[in-house]
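One-letter residues, chain by chain:
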Amino acid sequence: MSSNSPLTALERLAIAAIILTWGLNNAAAKVATAELPPMMVGALRFALALAFLAPFLKPPFPWSRRLAAICLLSGPIHFGIIYIAFGMAKSLSPLVVATQLWIPFTALFAWKMLGETMKPLAVAGLVVAFVGVAWMSLDPHGAADLPAIALGVLASACWALATVFVRQTPGAKPLQVQALTAVVAAPVLLALSFGFEDNVVERVRTAAPIAWACVAFAGVVSTIGASALLFWLVQRREAGRVTPYFLLTPLVSCTIGVLFMGDALSPQLVIGAAATMGGVALVALTAKKAPPPEGEAT
């Protein structure tokens, strides 16, 4: 199919489904970590995903130190940090906006590690995005979540680094890498949960059904369903044709946060969020290479 031809109705429907799934998944993470220990949420998510990804664990495995780094960064490190952030955050919206910094981080790491060029607009977008997060965090509502936002930014940097490593591993099959990541992440996060989180057994035993539904949504609908749709899209189109649409994901999450989770949006938060997303959009739309399919950290 020509990369310049209009998107078909089925492709637009797939994009909308991915945006909605990832937007809902952010809210699901907030609900799940309110009931369950955050790292246990990550362990359960990957264990559930592994049940569906097991067929892709067929040799030969293209194992290398770089692939090991990808599995660690995009698995237990990223999700361990981000679920802790969701568990700490009082509001969903500022944290979700801050996590979009993975796009500028990816462009920055690709420039340093791969020698990719950054156009002046992309550099400007990077600066605007970081200033937007800082401005948003200075608001009293944002400041209350500053530790969570800081962890969200750190998690985004880890995901961006994994994304650049993926670019350096062109022979890796996406679903096989996801399966290997789940193999690594599930036991590591489970061990970390029992080692560092309190009352794990009791919280798991008494968790509300909605928490388990959110874990199932993350493990099956987001990890498997949305990823499958994304892989289908990028096999038909250049990644740069479809990935900019996913900048609408925070809009879904923020709408849920305001309408159903009690998020308060002050003018300063709105301005900071708008600046962040505007800067991210500049980077995404002007970068020399679009982020690869593995690039959404939800």
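Since the structure is predicted, the reported quantities are computational estimates derived from the model, not experimental observations.

Q: Sorry if this is basic, but what is going on with the environment of Leu 101 here?
A: One can find Leu 101 in the loop between helix H4 (93–99) and helix H5 (102–114). Look at Leu 101 and you get buried, because its relative accessible area is 1%. Each C-alpha atom, one on Leu 101 and one on Glu 35, is 27 Å from the other, the two residues being 66 residues apart in sequence.

Q: Just to check I follow, could you spell out the packing of helix H2 (residues 38–53) against helix H11 (residues 209–236) for this structure?
A: A pair of packed helices is characterised by two quantities: the angle between their axes and the separation of those axes. For the pair H2 and H11, interaxial distance at closest approach is 9 Å and the crossing angle is 45 degrees. Between H2 and H11, the crossing angle belongs to the class labelled oblique. Between H2 and H11 the crossing geometry is right-handed. Judged by residue contacts, Val 41, Leu 44, Arg 45, Leu 48, Ala 49, Phe 52 and Leu 53 of H2 engage Trp 212, Val 215, Ala 216, Ala 218, Gly 219, Val 220, Ser 222, Thr 223 and Ile 224 from H11. For the contact of H2 with H11, a count of residues per class yields twelve nonpolar, three polar and one charged.

Q: Even after reading the chapter, I still don't get the pattern of salt bridges, so can you show me in this structure?
A: A complete count under the given rule lists two salt bridges for this structure. The shortest N-O distance in the salt bridge between Glu 11 and Arg 236 comes to 2.9 Å. Taken as a pair, Glu 11 in helix H1 (residues 9–35) and Arg 236 in helix H11 lie far apart in primary sequence, 225 residues in all. Assessed through its relative accessible area of 30%, Arg 236 is described here as partly exposed. A salt bridge links Arg 205 to Glu 202; the nearest nitrogen and oxygen atoms lie 2.9 Å apart. Remark: Glu 202 and Arg 205 occur in helix H10 (residues 200–206); sequence separation between them is three residues, near one turn of the helix. Residue classification places Glu 202 among the partly exposed positions, given a relative accessible area of 39%.

Q: What should I look at first to understand the environment of Pro 38 in this one?
A: As for its position among the elements, Pro 38 is in helix H2. Looking at Pro 38, the relative accessible area reads 13%, which means it is buried. If we skip the residues at most four places from it in the chain, Pro 38 touches Thr 33, Tyr 83, Ile 84, Gly 87 and Glu 197.

Q: Just to check I follow, could you spell out the environment of Val 200 for this structure?
A: Relative to the helices and strands, Val 200 is located in helix H10. Note on Val 200: relative accessible area 5%, which makes it buried. Excluding residues within four positions of it along the chain, Val 200 makes contact with Pro 37, Met 40, Ser 193 and Phe 194.

Q: Help me out: how do you make sense of the packing of aromatic side chains in this one?
A: A ring pair, where both rings are aromatic, is described by two values, the distance of the centres and the angle of the planes. All chains considered together, the criterion is met by six aromatic pairs. Pairing Phe 79 with Trp 159 gives two aromatic rings, centres 6.0 Å apart and planes at 85 degrees, and the pair type is edge-to-face. Taken together, the positions of Phe 79 in helix H3 (residues 65–88) and Trp 159 in helix H8 (residues 146–167) put the pair 80 residues apart, joining distant regions of the chain. For Trp 159, a relative accessible area of 8% translates into the label buried. Lys 112 extends its terminal NZ or CZ atom over the ring of Trp 111, reaching a point 5.5 Å from the ring centre.

Calculation criteria
- Residues numbered from 1 in each chain as written.
- Predicted model: local features only at pLDDT ≥ 70, side-chain atom pairs only at ≥ 80, totals over all residues.
- Heavy atoms only, no water.
- Helix = DSSP H or I, 4+ residues; strand = E, 2+ residues; numbered from the N terminus.
- Buried < 20%, exposed > 50% of the residue type's maximum accessible area, 1.4 Å probe, protein only.
- Axes fitted to C-alpha atoms, helices over the stretch in contact; angles between N-to-C directions.
- Parallel < 35°, antiparallel > 145°, perpendicular 65-115°, else oblique.
- Left-handed = near helix turned anticlockwise from the far one by under 90°.
- Contact = heavy atoms within 4.5 Å.
- Nonpolar A, V, L, I, M, F, W, Y, C, P; charged D, E, K, R; others polar.
- Salt bridge = Lys/Arg side-chain N within 4 Å of Asp/Glu carboxyl O.
- Phe/Tyr/Trp six-rings, centres within 6.5 Å; stacked < 30°, edge-to-face > 60°.
- Lys NZ or Arg CZ within 6 Å of the ring centre and 35° of its normal.

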